[in-house]
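Structural overview
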Amino acid sequence: MRGVKRVVSVLITLLVMVGVLAFVLENQQSVALSFLGWTAPQAPISIFMTLALLVGMIVGPLVGLAFRLNRSPRSKRLAP
């Protein structure tokens, strides 16, 4: 059973990697982003999208953790 999980895990990882590679190869148009007066140098749109994905993957769990930590003391105070 352990071997099957490992094979499935490797296959899913390979599929994700192929998907990311296809996305990068299909989105080679150069763009320059501007945000709050800061302008990024021109780069392929796939770079900006990948960076946005990575930032979201980091910030999302941190926000969830903050809400979980914030909620636990209140539930202890409200319990009789």
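Residues numbered from 1 in each chain as written. Predicted model: local features only at pLDDT ≥ 70, side-chain atom pairs only at ≥ 80, totals over all residues. Heavy atoms only, no water.

Details of the overall build of the protein
Scanning the protein for helices and strands turns up two helices and four strands. In the protein, the succession of helices and strands from N to C terminus is α-β-β-β-β-α. Counting every position in the protein, which comprises 80 residues, the buried fraction comes to 5%. When the accessible area of the protein is evaluated, it comes to approximately 7200 Å², of which 73% is carbon and sulfur surface. (Helix = DSSP H or I, 4+ residues; strand = E, 2+ residues; numbered from the N terminus. Buried < 20%, exposed > 50% of the residue type's maximum accessible area, 1.4 Å probe, protein only. Areas by Shrake-Rupley, 256 points an atom, 1.4 Å probe, with all protein chains shown as cover.)

A closer look at unusual backbone geometry
Non-glycine residue Leu36 carries a positive phi angle of around 50°. As for its placement among the helices and strands, Leu36 is situated in the loop between strand S2 (34–35) and strand S3 (38–39).

Regarding the environment of Gln28
Structurally, Gln28 can be placed in the loop between helix H1 (2–26) and strand S1 (30–31). Relative accessible area serves as the criterion here: at 42%, Gln28 is assigned to the partly exposed category. Put simply, Gln28 and Ser46 are 18 residues apart on the chain and 6.7 Å apart in space, counted from C-alpha to C-alpha. Ignoring any residue separated from it by four or fewer positions in sequence, one finds Gln28 in contact with Pro44 and Ser46. Within polar-contact distance, the side chain of Gln28 engages the backbone oxygen of Val24 at 2.4 Å. (Contact = heavy atoms within 4.5 Å. Polar contact = N/O pair within 3.5 Å; in protein donor to acceptor, adjacent residues only side chain to side chain.)

Thoughts on a nonpolar patch on the surface
A cluster of nonpolar side chains, namely Val55, Ile58, Val59, Leu62, Val63, Leu65, Phe67 and Leu69, defines an oily patch on the protein surface of about 760 Å² accessible area. As for its placement among the helices and strands, Ile58 is situated in helix H2 (residues 45–78). The class of Ile58 is exposed, set by a relative accessible area of 54%. (Patch = residues over 30% accessible without salt bridge, like charges linked within 9 Å, V, L, I, M, F, W, Y side chains within 5 Å. Salt bridge = Lys/Arg side-chain N within 4 Å of Asp/Glu carboxyl O.)

Description of the environment of Leu33
Mapped onto the elements, Leu33 comes out in the loop between S1 and S2. Take Leu33: its relative accessible area is 39%, and that puts it in the partly exposed class. Expressed as a C-alpha distance, the spacing of Leu33 and Ala43, which sit ten residues apart in the sequence, is 9.0 Å. Sequence-distant contacts of Leu33, defined by excluding residues within four places in its chain, comprise Trp38, Thr39, Ala40 and Phe48.

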